[in-house]
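Examination of the molecular architecture
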Amino acid sequence: MARRMVMAPKKCTGCTSCSLTCAITYNNEFDLKKSHVQVKKNDLDGTFNIIFSSTCLSCGKCAEVCPSGCLSIIDSGNGGK
Ligand code: SF4
Ligand code: SF4
């Protein structure tokens, strides 16, 4: 069954746990640039943008480690119908 990530960006603290977890899991490197998700601070208002790459596997590992409940993964079920 297809799954997709759901975000609540207002909850994001910018801790980058999600990004590091992905980078270590899939590239075996402690390098944020090697992650399928990037967290970027908006300097205007201090909020964070969470950007998933097209290569994201929707595995949910980043959501599992997010301490703020900002990320979750849901079954997209019948293809959005
Ligand atoms: S869902 Fe999986 S592949 Fe996608 S960013 Fe999160 S840990 Fe990486
Ligand atoms: S783990 Fe959650 S709170 Fe931390 S940067 Fe990622 S989305 Fe934001």
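Structural notes, computed from the coordinates.

About the cut-offs
- Going along each chain's sequence as written, the residues are numbered from 1 onward.
- In the order they appear in the text, chains get letters beginning with A and ligands get numbers beginning with 1.
- Only residues with pLDDT of 70 or above have their local features reported here, since the model is predicted, and side-chain atom pairs are shown and tallied only from 80 upward, although totals for entire chains, interfaces and linings are computed over all residues.
- For the exposure call, what matters is how many other C-beta atoms sit within 10 Å of a residue's own: 20 or more marks it buried, 12 or fewer exposed, and in between partly exposed, using C-beta atoms placed from the backbone.
- Segments assigned H or I by DSSP are reported as helices when at least four residues long, segments assigned E as strands when at least two residues long, and all are numbered from the N terminus.
- In this description, any two residues whose backbone-derived C-beta atoms lie within 7 Å of each other are considered to be in contact.
- Being near a molecule or strand means, for a residue, that its backbone-placed C-beta atom lies within 6 Å of it.
- Note on residue categories: nonpolar means Ala, Val, Leu, Ile, Met, Phe, Trp, Tyr, Cys or Pro, charged means Asp, Glu, Lys or Arg, and polar means any other residue, Gly included.
- We call two strands paired when DSSP finds no fewer than two bridges between them.
- The term nonpolar core refers to a group of buried residues, namely Ala, Val, Leu, Ile, Met, Phe, Trp, Tyr and Cys, whose C-beta atoms join them within 7 Å.

For helix H1 (residues 17-27), the complete set of buried residues consists of Cys-18, Ser-19, Leu-20, Cys-22 and Ala-23. Those residues of H1 that are buried are in contact with strand S2 (37-41), helix H2 (61-65) and strand S4 (71-75).

It is worth spelling out the site of ligand 2 at this point. Around ligand 2, the structure places 14 residues, and the nearest of them are Cys-12, Cys-15, Ser-17, Cys-18 and Cys-66. Of all the secondary structure elements, the ones that give two or more residues to the shell around ligand 2 are H1 and strand S3 (48-52).

In the neighbourhood of ligand 1, 13 residues make up the surrounding shell, with Cys-22, Val-37, Cys-56, Cys-59 and Cys-62 lying closest. Grouping the constituent residues of the shell around ligand 1 by class yields 8 nonpolar, 4 polar and 1 charged.

By the bridge criterion, 5 bridges tie S2 to S3 in an arrangement that is antiparallel. What sits directly across from Lys-41, in S3, is Phe-48. Hairpin geometry of S2 and S3 is characterised by an intervening segment of 6 residues between the two adjacent antiparallel strands and by a positive phi of about 80 degrees at Gly-46.

Bringing the nonpolar core into the picture now. Residues Cys-18, Cys-22, Val-37, Cys-62, Cys-66 and Leu-71 are the most contacted members of the largest nonpolar core, which totals 13 residues. For this core, the elements supplying multiple residues, two or more each, are H1, S2 and H2. By residue number, the principal contributor to this core is H1, which donates 4 residues.

Inspection of the secondary structure assignment puts Pro-67 in the loop between H2 and S4. Look at Pro-67 and you get exposed, because 10 C-beta atoms sit within 10 Å. In this structure the C-alpha to C-alpha distance between Pro-67 and Lys-34, which are 33 residues apart in sequence, comes to 21 Å. With residues up to four places along the chain from it excluded, the contact list for Pro-67 reads Cys-15 and Ser-17.

Moving on, we get to unusual backbone geometry. Excluding glycine, residues mostly have negative phi values, and the peptide bonds linking residues are mostly trans. For Thr-16, which is not glycine, the phi torsion reads 65 degrees and is therefore positive. By the element assignment, Thr-16 lies in the loop between strand S1 (3-7) and H1. The residue Asn-28 is not glycine, and still its phi comes out positive at about 55 degrees. As for its position among the elements, Asn-28 is in the loop between H1 and S2.

Let's shift gears to the environment of Tyr-26. Assignment of secondary structure puts Tyr-26 in helix H1. When the 16 C-beta atoms within 10 Å are taken as the criterion, Tyr-26 is described as partly exposed. On a C-alpha basis, the gap between Tyr-26 and Asn-49 in space is 22 Å, while along the polypeptide they are 23 residues apart.

Geometry only, nothing functional implied.
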